Amino acid sequence: MTVRSAAVLLYRRRDGLEVWIAHMGGPFWARKDEGAWSLPKGIVESGDLGDELSAARREFAEEIGTPAPDADYVPLGEFRGSGKTIVVFAAESEFEPDAIVSNTFELEWPPRSGRRQEFPEVDDARWFALDEARLKLTKAQRPILDALLALLGEDAETR
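Attention here is on the structure that accompanies the text.

### Thoughts on the layout of surface pockets
Here is step 1 of the chain: When its volume is computed, the largest pocket comes out at roughly 410 Å³.
Here is step 2 of the chain: Along the walls of the largest pocket sit 23 residues, with Met 24, Ser 38, Lys 41, Lys 84 and Gln 141 positioned nearest its centre.
Here is step 3 of the chain: For the lining of the largest pocket, the secondary structure elements donating two or more residues are β2 (17–24), β4 (41–43), β5 (74–81) and β6 (84–92).
Here is step 4 of the chain: Of the residues assigned to the lining of the largest pocket, the class counts are 10 nonpolar, 8 polar and 5 charged.

This is the structure in structure tokens:
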């Protein structure tokens, strides 16, 4: 069975379109930048079925440390990648948290050391212009930006 995740994609219009994305935490991603960012997202639990927006907002709060902003969320679509389906909800917002305080996960690190360490799921999150976000997002999530442009009635040449 395919894992199902729910995500929030916040966007705003400044000099151009910007999106809010998060850098994945942990030792594997620590020195990576391009392809190491993601939408704040998480697993849709069995109790979330039928209310995936609530799941997306809950996961946003867990990964960013601040509740997802009150906004008009619009279903953006479902996207496949890395063995899971991500259902995405987009909203325009001027979101500016005071800090990023992610939930954590435990991992044996270094590998085979017997030593368990705790790492944040997200170690950074911020606004990026669309072109820069396209480079930073994992390859599987890049089509989400095209869906956002389509939703807004824009294309890469007109923004």
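### Things to note about the pairing of strand β8 (residues 116–120)
Here is step 1 of the chain: Covered by surrounding structure in β8 are Gln 117 and Phe 119 only, the residues Arg 116, Glu 118 and Pro 120 on the alternate face being uncovered.
Here is step 2 of the chain: Judged from the 5 bridges that link them, strand β7 (residues 104–108) and β8 form a sheet pairing that is antiparallel. Looking across to β8, one finds that Phe 105 is bridged to Phe 119.

### Examining the packing of aromatic side chains
Here is step 1 of the chain: Per the counting criterion, the structure on display carries 6 aromatic pairs.
Here is step 2 of the chain: Ring centres 5.0 Å apart and planes at 85 degrees place the aromatic pair Trp 20 and Phe 95 in the edge-to-face group. Residue Trp 20 is located in strand β2, and its partner Phe 95 is located in the loop between β6 and β7; the two are separated by 75 residues in the primary sequence. In terms of burial, Trp 20 and Phe 95 fall into one category: buried.
Here is step 3 of the chain: Ring geometry for Trp 37 versus Phe 128: centroids 5.0 Å apart, planes at 80 degrees, classification edge-to-face. Taken together, the residues Trp 37 in strand β3 (residues 37–38) and Phe 128 in strand β9 (residues 122–129) connect sequence positions 91 residues apart. In terms of burial, Trp 37 and Phe 128 fall into one category: buried.
Here is step 4 of the chain: Here the basic side chain of Lys 32 rests over the ring of Phe 28, its NZ or CZ set 3.9 Å away from the ring centre.

The rules behind each value
- Residues numbered from 1 in each chain as written.
- Predicted model: local features only at pLDDT ≥ 70, side-chain atom pairs only at ≥ 80, totals over all residues.
- Heavy atoms only, no water.
- 1 Å grid on protein atoms, 1.4 Å probe; cavity = no way out; pocket = protein on both sides within 12 Å on 5 of 7 lines; lining within 4 Å.
- Points joined across faces, edges and corners; volume = space filled by probe spheres on them.
- Helix = DSSP H or I, 4+ residues; strand = E, 2+ residues; numbered from the N terminus.
- Nonpolar A, V, L, I, M, F, W, Y, C, P; charged D, E, K, R; others polar.
- Buried < 20%, exposed > 50% of the residue type's maximum accessible area, 1.4 Å probe, protein only.
- Pairing = 2+ DSSP bridges.
- Phe/Tyr/Trp six-rings, centres within 6.5 Å; stacked < 30°, edge-to-face > 60°.
- Lys NZ or Arg CZ within 6 Å of the ring centre and 35° of its normal.

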